[in-house]
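# Descriptive analysis of the structure
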Amino acid sequence: MNVHIFFRTCAFFSSRAGYPQGAAEIFSLMQHMGCEPDRASYNIMVDAYGRAGLHEDAQTVFDEMKRLGIAPTMKSYMLLISAYSRNSNVSKCEEIVNQMQKSGVKLDTFLLNSMLNLYGRLGQFAKMEELSTVIEAGPYIADISTYNILINAYGRSGFIAKMEEVFQSLPSKNLKPDVVTWTSRLGAYSKKKQYQRCSEIFEEMIDEGCYPDGGTAKVLLSSCLSEDQTEQVTIVIRSMHKNVKTVELV
């Protein structure tokens, strides 16, 4: 096996296991053995620190990569943004986006959706709406994830009318709601314990040919106000998923 691949694989699994120190030790050993880390190796370290909430360490690794003349890619920037996003550091994420543009890295829908989600998660709706307008204006292509973010943000904050407005606009954009769309919409009514409305949306979801997953089942169950309703929902979901492992109702 190629030495770079071996070290990267070890560091990657340490990162995903939530052990950034282990990834750092592998990274250091790699250098000690005269095997200079490549861009992929640096990306793994940025990701490792970011996942652990150590955004300053992630930034240090990112800066070191640039100092050595290794140009960051879209993935490199995304991992750094993710690190700061976990700490809800909006200004730093915006700064990184500006750096990307100055460096000639073209922004894409995935990146902008990440920023859209950050704004929505923190309740910064003015910025969220401004960015969604930018995405829709082009040259970016708004996808179903773009609108799922808006639907979830509005629904989670109780702005039902705004949520429904976005949902009803999907056909005009030639987009079909997916399971995330329907589940986010259900979640808004579930929070208000509107069981009847949730049942109606669930039936609409099935009629449209979109079938529930584990998240949908849990959201629907959380809307129940009585044991009878809980039993009714459980029976319906299980009848649709003969493989009970697909949907955890516990």
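Residues numbered from 1 in each chain as written. Predicted model: local features only at pLDDT ≥ 70, side-chain atom pairs only at ≥ 80, totals over all residues. Heavy atoms only, no water.

Recorded under Sequence similarities (unreviewed entry), the UniProt text for the chain is reproduced unchanged: "Belongs to the PPR family. P subfamily." (UniProt positions renumbered as here; feature names shortened; annotations may be inferred.)

## Observations concerning the overall build of the chain
A count of helices and strands for the chain gives 14 helices and zero strands. Listing the helices and strands of the chain from first to last along the sequence gives α-α-α-α-α-α-α-α-α-α-α-α-α-α. When contacts within the chain are restricted to residue pairs at least 6 apart in sequence, those whose partners lie at least 24 apart make up 57%. Taken as a whole, the chain presents about 13300 Å² of accessible surface, with 53% of it coming from carbon and sulfur. (Helix = DSSP H or I, 4+ residues; strand = E, 2+ residues; numbered from the N terminus. Contact = heavy atoms within 4.5 Å. Areas by Shrake-Rupley, 256 points an atom, 1.4 Å probe, with all protein chains shown as cover.)

## Some thoughts on the pattern of salt bridges
Oppositely charged side chains are able to pair whenever their charged atoms sit close together. Per the stated rule, a full pass over the model turns up nine salt bridges. Where Glu 95 meets Lys 92, a salt bridge forms, and the shortest distance between an N and an O atom there is 3.0 Å. Here the residue Glu 95 and the residue Lys 92 both occupy positions in helix α6 (residues 90-102), the gap between them amounting to three residues, near one helical turn. For the salt bridge of Glu 164 with Arg 197, the shortest nitrogen-to-oxygen distance reads 3.9 Å. In this pair, Glu 164 sits in helix α10 (residues 160-169) while Arg 197 sits in helix α12 (residues 195-207), placing the two residues 33 residues apart along the sequence. The buried category is assigned to Glu 164, whose relative accessible area is 13%. Linked through salt bridges whose partners overlap, the residues forming this network are Glu 164, Arg 185, Arg 197, Glu 200 and Glu 204. (Salt bridge = Lys/Arg side-chain N within 4 Å of Asp/Glu carboxyl O. Buried < 20%, exposed > 50% of the residue type's maximum accessible area, 1.4 Å probe, protein only.)

## A closer look at the environment of Met 74
With respect to the helices, strands and loops of the structure, Met 74 is situated in helix α5 (residues 74-86). In this structure the C-alpha to C-alpha distance between Met 74 and Met 100, which are 26 residues apart in sequence, comes to 8.2 Å. Each residue touching Met 74, except ones within four places of it in the same chain, is listed here: Met 100, Val 105, Lys 106, Leu 107, Asp 108 and Leu 111.

## Observations concerning the packing of aromatic side chains
Each aromatic ring pair is specified by the distance between its two centres and by the angle formed by the two planes. If you walk through the whole model with that rule in mind, you get four aromatic pairs. Seen in terms of ring centroids, Phe 125 and Phe 159 are 5.4 Å apart; in terms of plane orientation they differ by 80°. Their pairing is edge-to-face. Of the two residues, Phe 125 is situated in helix α8 (residues 125-137) and Phe 159 in the loop between α9 (144-156) and α10; the sequence distance between them amounts to 34 residues. With relative accessibility at 16%, the residue Phe 125 sits in the buried group. Cluster of aromatic residues (ring-pair linked, three or more members): Phe 125, Tyr 154 and Phe 159. The ring centre of Phe 167 lies 4.0 Å from the NZ or CZ of Arg 185, which sits over that ring. (Phe/Tyr/Trp six-rings, centres within 6.5 Å; stacked < 30°, edge-to-face > 60°. Lys NZ or Arg CZ within 6 Å of the ring centre and 35° of its normal.)

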